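Now for the letters of each chain:
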Amino acid sequence: MTEDSTRAGFVALIGEPNAGKSTLLNRMVGAKVSIVTHKVQTTRARIRGIAMAGDSQIVFVDTPGLFRPRRRLDRAMVAAAWGGAADADITVLLIEAHRGLTEGVQAILDALKERGNPRVALAINKIDRVKAEELLALSQKLNEAYPFERTFMISAEKGYGCDDLKDWLAGELPEGPWLYPEDQIADLPLRMIAAEVTREKLTLRLHEELPYQLTVETEKWEERKDGSARIDQIIYVARDGHKGIILGKGGETLKAVGSQARADLMEFLERPVHLFLQVKVRPNWLEEKERFTEMGLDWKDGN
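Remember, it's a predicted structure, so these values are computed and weren't measured experimentally.

J.: I tried to follow the pattern of salt bridges on my own but got confused; where do I start?
T.: When the charged atoms of two side chains lie near each other, side chains of opposite charge can form a pair. Scanning the entire structure with this criterion turns up 13 salt bridges. The partner of Arg99 in a salt bridge is Glu96, and the shortest N-O contact between them spans 3.2 Å. We classify Glu96 as buried; its relative accessible area is 9%. Note that Arg119 and Glu172 form a salt bridge whose closest N and O atoms lie 2.4 Å from each other. Taken as a pair, Arg119 in the loop between helix H3 (103-115) and strand E5 (120-125) and Glu172 in helix H5 (residues 162-172) lie far apart in primary sequence, 53 residues in all. Looking at Arg119, the relative accessible area reads 22%, which means it is partly exposed.

J.: How do you make sense of the nonpolar core when you look at a structure like this?
T.: Most often, soluble globular proteins have nonpolar side chains that are buried together. Membership of the largest hydrophobic core comes to 25 residues, with the highest contact counts inside it found for Val11, Leu24, Ile58, Phe60 and Leu169. For this core, the secondary-structure elements that each account for two or more residues are strand E1 (7-15), helix H1 (21-29), strand E2 (47-53), strand E3 (56-62), strand E4 (90-96), E5 and H5. For this core, the element with the highest residue contribution is H5, accounting for five residues. If you look at the next biggest cluster of nonpolar residues, it comprises 22 residues, including Ala229, Leu254, Ala261 and Val273.

J.: Would you mind showing me how to read the side chain of Ser228 here?
T.: Relative to the helices and strands, Ser228 is located in the loop between strand E7 (214-223) and strand E8 (229-237). Engagement of the side chain of Ser228 in a polar contact is seen with the side chain of Asp226, the distance being 2.6 Å. For Ser228, the contacting residues outside a window of four places in its chain are Glu222, Glu223, Arg271, Pro272 and His274.

J.: Where do I start with helix H8 (residues 252-269) in this structure?
T.: Helical geometry note: an α-helix holds 3.6 residues per turn, so side chains three or four residues apart project in the same direction. The terminal C-alpha atoms of H8 lie 25 Å apart, and with 18 residues this matches the ideal 26 Å at 1.5 Å per residue to within 8%. When H8 is considered as a whole, its buried residues turn out to be Thr253, Leu254, Ala256, Val257, Gly258, Ala261, Asp264, Leu265 and Leu269. Where H8 is buried, its residues contact helix H6 (190-206), E7, E8, helix H7 (240-247) and strand E9 (273-281). Trailing H8 by a residue or two, Glu270 shows a phi angle of about 55°, which is positive.

J.: Explain the packing of H1 against H5 here, please?
T.: Relative placement of two packed helices is described by the angle separating their axes and the distance separating the axes. Two elements in contact, H1 and H5, have axes separated by 11 Å at closest approach and are oriented at 75°. By the angle class used here, H1 and H5 are roughly perpendicular. Each of Leu24, Arg27 and Met28 in H1 lies in contact with H5, whose residues at this interface are Cys162, Leu165 and Lys166.

J.: I would appreciate a short explanation of the sheet that holds E9 in the present structure.
T.: Within a beta sheet, neighbouring strands are joined by backbone hydrogen bonds and run either parallel or antiparallel to one another. With mixed pairing, three strands are arranged side by side in an open sheet as E7-E8-E9. Of all the strands in the sheet, the pair left with one neighbour each is E7 and E9. For this sheet, the mean angle separating the axes of adjacent strands, direction not counted, is 20°. Note: E7 against E8, nine bridges, orientation antiparallel. From the neighbouring strand, Trp221 faces E8, where its bridge partner is Ile231. Against the sheet, H7 touches E7, E8 and E9, its axis set at about 150° to E9. Across the face of the sheet, H8 comes into contact with E7, E8 and E9 while running at roughly 135° to E9.

J.: For this particular structure, what's the right way to read H3?
T.: The first and last C-alpha atoms of H3 sit 18 Å apart over 13 residues, in line with the 18 Å expected at 1.5 Å per residue. Three or more residues of H3 are buried, namely Gly104, Val105, Ile108, Leu109, Ala111 and Leu112. Axial view of H3: buried residues confined to an arc of 165°, hence all on one face. Facing away from the buried side of H3 by over 90 degrees, the exposed positions are Glu103 and Glu114. Following H3 by one or two positions, Gly116 adopts a phi angle in the positive range, close to 65°.

J.: Got a minute to help me understand the packing of aromatic side chains in this structure?
T.: To describe a pair of aromatic rings, you give the distance between the ring centres and the angle between the ring planes. What the rule picks out here adds up to two aromatic pairs. Seen in terms of ring centroids, Tyr146 and Phe148 are 5.0 Å apart; in terms of plane orientation they differ by 50°. Their pairing is tilted. The exposure class of Tyr146 is buried, given its relative accessible area of 6%. With 5.6 Å between their ring centres and 55° between their planes, Phe152 and Trp168 make a pair best called tilted. Pair noted here: Phe152 is in strand E6 (residues 151-153) and Trp168 is in helix H5, with a separation of 16 residues, a long-range link. Sitting over the face of the ring of Phe276, Arg230 holds its NZ or CZ atom 3.9 Å from the ring centroid.

The rules we used
Residues numbered from 1 in each chain as written. Predicted model: local features only at pLDDT ≥ 70, side-chain atom pairs only at ≥ 80, totals over all residues. Heavy atoms only, no water. Salt bridge = Lys/Arg side-chain N within 4 Å of Asp/Glu carboxyl O. Buried < 20%, exposed > 50% of the residue type's maximum accessible area, 1.4 Å probe, protein only. Helix = DSSP H or I, 4+ residues; strand = E, 2+ residues; numbered from the N terminus. Core = buried A, V, L, I, M, F, W, Y, C linked by side-chain atoms within 4.5 Å. Polar contact = N/O pair within 3.5 Å; in protein donor to acceptor, adjacent residues only side chain to side chain. Contact = heavy atoms within 4.5 Å. Expected span 1.5 Å × (residues − 1). Axes fitted to C-alpha atoms, helices over the stretch in contact; angles between N-to-C directions. Parallel < 35°, antiparallel > 145°, perpendicular 65-115°, else oblique. Pairing = 2+ DSSP bridges. Arc of directions from axis to C-beta. Phe/Tyr/Trp six-rings, centres within 6.5 Å; stacked < 30°, edge-to-face > 60°. Lys NZ or Arg CZ within 6 Å of the ring centre and 35° of its normal.

Right, dumping it as structure tokens:
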């Protein structure tokens with residue numbers, strides 16, 4: 001294959017929290033690289049998933065959901081989201097069909113106009129939740145609010161319309177050599193992916209019980225001679241009370257989380273995994289620069 005016939009570039013997925021960005025990324029890439037849960041605000045770092053479509057390599061920048069930042073962590077996440085959009089060849093704004101043109105979506109549209117992102121496509125997600133006539137009216141309303149290059153009706157969860165979006169992106173990227181080896185799924189270090197998998201299981205298991213004041217770090221990664229991997233992780237929480245919630249009665253919750261995370265990691269790495277989890281209380285982790293670096297975010301000065 002010659003360089004002349006190949007295309008490659010970056011696509012940023014932006015939208016409000018829970019719009020379905022991570023689900024779409026996983027659908028496009030075909031591997032679980034970005035944490036997917038029903039809780040808002042769970043994607044923290046700019047995870048890039050790589051999708052192949054014909055002779056094109058689409059590198060997705062999966063951004064945290066855009067929302068009004070309150071804490072330092074929030075500011076870092078929003079900065080990462082806009083940073084992803086600024087670096088991309090094409091930006092895809094994902095909105096939820098049943099929620100429509102919300103205040104949050106309007107704020108994103110205003111920011112897009114202000115920033116002058118040159119190529120923006122619209123993907124209306126979760127189309128199975130509304131009637132066809134509502135979809136058409138919403139599409140018209142959104143296209144009047146912003147000059148989108150193309151509009152796609154999709155269901156990231158069920159896969160409807162995703163191939164059309166992927167094919168269009170593949171044809172629109174700049175001509176040039178591929179940016180990554182064909183077999184590389186994500187450029188996020190494996191340590192960080194492993195931590196995201198465990199954090200996803202914690203979030204799903206604990207639902208509303210645990211606030212966002214929790215992070216998982218992969219402390220050690222040891223490749224064993226028998227081909228397996230030993231992974232040691234620390235779950236940092238801000239308060240003693242949170243530690244008890246994560247451990248559960250007789251350590252049952254932590255055991256279940258570890259078992260589910262290990263199963264996912266074995267599937268992802270395609271080899272045996274020995275996963276060891278510890279819970280530590282670190283009251284000020286939300287204000288520690290090292291934690292941000294570990295999550296692939298930039299430290300934002302100010303309170």
